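Structural description and commentary
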Amino acid sequence: SFLLIGDEYEKSVKNLLEMFNRFAKHDQAEWGNAYHQPSGKFTNDSQIVTETANDPRAGASGTYQIVVATEVAHWKETKQISATKAFQAFMACVPVEPDTLVVLESTANGEGNAYHETYMGAISLADLIANKIPQGWNGFVKLFYAWHEHPEYRTKNLDPHEQVSIMATLSKTEQELVERFRCNAGQIHWRRRKIAGPEFRGNESKFEEEYPKDEASAFLAAANRVFSQRHVKEMEAKAAGNPCKFGRLNPHQSPSGSRYVSCDECPEMEAWLKVWEDPEIGQRYIVCVDPTTGATRGVNPDNH
């Protein structure tokens, strides 16, 4: 069977089914198998099944060769509805066999949800082709589509004077787009108008969530962070180029009865921490605890 699943039937599942029917109607490929739209059945006895992720047991009673799940990052995670449980329920119904396929598509919606965790455990298509399969791979291949790759997201027919004016007034972020992704004046102009419009009202961070330029900006946390996520990512990138060791925190008690914690080195797979610099006795250090506002999501809600 072919499962189509989303969070709300009228908004996402029904729309997904209509798109499938439209594509099927105009499909000219020779599949050796015909689709009958009114019944949702195929001539090989398969059929389309629609479910909502608001049901934690969605799809649990079937066996599916193909699953298309839409806007997975926006599935609800509450006391009554669990996106993680719904995801686990239908995944358990897909055999790990040739000719099976699971497609998860979504705009990103912060970190810690089922979609983010699945995406982070996936590998690129290039690594799959090169057979660079890491230990613990979850079986998914990640495909990222940045806004500037979309041919419609640009202002056309700018005159030369407008183009020169735009390129002469680039912000730091816009300059990065030009240098890293070779964005042109039409793309920068479209981006500026989009951010200034009623959808984002000048909020550049919100634009980055809906129209990300790369994977890092796609998964900006939905909660308001004390520390700028963009600058944190920049610092992480700088640190990543330096050697580090891996460790775990272990509690101890001295003969006098005082308690202390040590960071003991261990293999990467067992580590809690990456250590770039050992602490120095007598120095002062800042420890950040619970730096977000509002609720967090996911299996481990403190993982931020």
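Since the structure is predicted, the reported quantities are computational estimates derived from the model, not experimental observations. Residue indices follow the written sequence of each chain, beginning from 1 at its first position. For a predicted model such as this one, the threshold for reporting local features is a pLDDT of at least 70, and the threshold for listing and counting side-chain atom pairs is 80 or more; totals across whole chains, interfaces and linings nevertheless cover every residue. Side-chain measures were taken over the full set of non-hydrogen atoms in the model, leaving aside hydrogen atoms and water.

Overview of the pattern of salt bridges
We define a salt bridge as a side-chain nitrogen of Lys or Arg found within 4 Å of a carboxyl oxygen belonging to Asp or Glu. By the definition in use, this model includes 11 salt bridges. Between lysine 245 and glutamate 265 there is a salt bridge, and its shortest N-O distance comes to 3.9 Å. One end of the pair, lysine 245, is in strand β9 (residues 245-253); the other, glutamate 265, is in strand β10 (residues 259-265), with 20 residues separating them in the sequence. By relative accessible area, which is 60% here, glutamate 265 ends up exposed. A single salt-bridge network, built from bridges that share partners, covers Arg191, Glu204, Glu208 and Lys213. For the purposes of this entry, the term helix denotes a DSSP run of H or I that reaches at least four residues, the term strand denotes a run of E that reaches at least two, and both are numbered from the N terminus. For every residue, the accessible area obtained with a 1.4 Å probe (protein chains only) is divided by the maximum for its type, and the residue is called buried under 20%, exposed over 50%, and partly exposed between those limits.

What to know about unusual backbone geometry
In this model, glutamate 71 sits at a positive phi of 45°, which is unusual for a non-glycine residue. Assignment of secondary structure puts glutamate 71 in the loop between β5 (66-70) and α2 (83-91). Classification of glutamate 71 as partly exposed rests on a relative accessible area of 25%. Of note in the backbone geometry, asparagine 131 takes a positive phi value of approximately 60° without being a glycine. For asparagine 131, a relative accessible area of 59% translates into the label exposed.

Points about the sheet that holds strand β1 (residues 2-6)
Taking strand neighbours across the sheet as the criterion, the four strands line up as β4-β1-β5-β6 in an open arrangement whose pairing is parallel. Edge strands, defined here as strands with exactly one partner in the open sheet, are β4 (48-52) and β6 (101-105). This sheet shows a mean twist of 15° between the axes of neighbouring strands, independent of strand direction. By the convention used here, strands pair only if DSSP detects at least 2 bridges between them. Here β1 runs beside β4; their pairing, made up of five bridges, is parallel. Bridge pairing in β4 links leucine 3 to valine 49. For helices, the fitted line uses only the C-alpha atoms of the stretch in contact; every axis is such a line through C-alpha atoms, and the angle between N-to-C directions lies from 0 to 180 degrees.

Observations concerning the packing of aromatic side chains
Classification of ring pairs uses Phe, Tyr and Trp, with its six-membered ring standing for Trp, and accepts pairs whose centres are within 6.5 Å; under 30 degrees between planes counts as stacked, over 60 as edge-to-face, and the remaining range as tilted. This structure, assessed with the given rule, holds 16 aromatic pairs. Ring centres of tyrosine 153 and tryptophan 190 lie 4.6 Å apart, and the angle between their planes is 15°; on these two criteria the pair is classed as stacked. With a gap of 37 residues between them, tyrosine 153 in the loop between β8 (141-142) and α5 (160-167) and tryptophan 190 in helix α7 (residues 185-196) connect regions that are remote in the sequence. You can call tyrosine 153 partly exposed: its relative accessible area is 23%. Ring pairing ties together the aromatic residues Trp147, Tyr153, Trp190, Phe200, Phe207 and Tyr211, which thus form one cluster.

Focus: a nonpolar patch on the surface
Taken together, Leu125, Leu128, Ile129, Ile133, Val141 and Leu143 make up a surface patch of nonpolar side chains, about 540 Å² in accessible area. Along the polypeptide, valine 141 turns up in strand β8. Exposure above 30% relative accessible area and the absence of a salt bridge qualify a residue for a patch, where like charges join within 9 Å and nonpolar side chains (Val, Leu, Ile, Met, Phe, Trp, Tyr) within 5 Å. Each accessible area value is a Shrake-Rupley result obtained with a 1.4 Å probe; residue values ignore everything except the protein chains displayed when judging cover.

A few points about the environment of glutamine 88
Mapped onto the elements, glutamine 88 comes out in helix α2. Sequence separation between glutamine 88 and alanine 114 is 26 residues, and the spatial gap between their C-alpha atoms is 9.4 Å.

Things to note about the packing of α5 against α7
Two numbers describe how α5 lies on α7: the axes approach to 9 Å, and their chain directions differ by 70°. Taken together, the axes of α5 and α7 lie roughly perpendicular to each other. Between α5, through Gln163, Ile166 and Met167, and α7, the contact on the second element is made entirely by Ala185, Ile188, His189 and Arg192. Should an angle fall under 35 degrees it is called roughly parallel, over 145 degrees roughly antiparallel, and 65 to 115 degrees roughly perpendicular, with every other angle called oblique. It only takes one pair of heavy atoms within 4.5 Å for two residues to be counted as in contact.

Some points on the nonpolar core
Note on soluble globular proteins: their nonpolar side chains tend to be buried together. To define a nonpolar core, start from buried Ala, Val, Leu, Ile, Met, Phe, Trp, Tyr and Cys residues and group those joined through side-chain atoms within 4.5 Å. Ile5, Val67, Trp75, Phe90 and Leu104 are the most contacted members of the largest nonpolar core, which totals 26 residues. Going through the elements one at a time, β1, β5, α2, β6 and α3 (114-120) are the ones with two or more residues in this core. Looking at which element gives the most residues to this core, the answer is α2, with four residues. In this structure phenylalanine 90 touches Leu3, Ile5, Ala58, Val67, Ala69, Trp75, Val102 and Leu104, once residues within four positions along its chain are discounted. In this structure, Trp147, Ile166, Ile188 and Tyr211 belong to the second largest nonpolar core, which totals 12 residues.

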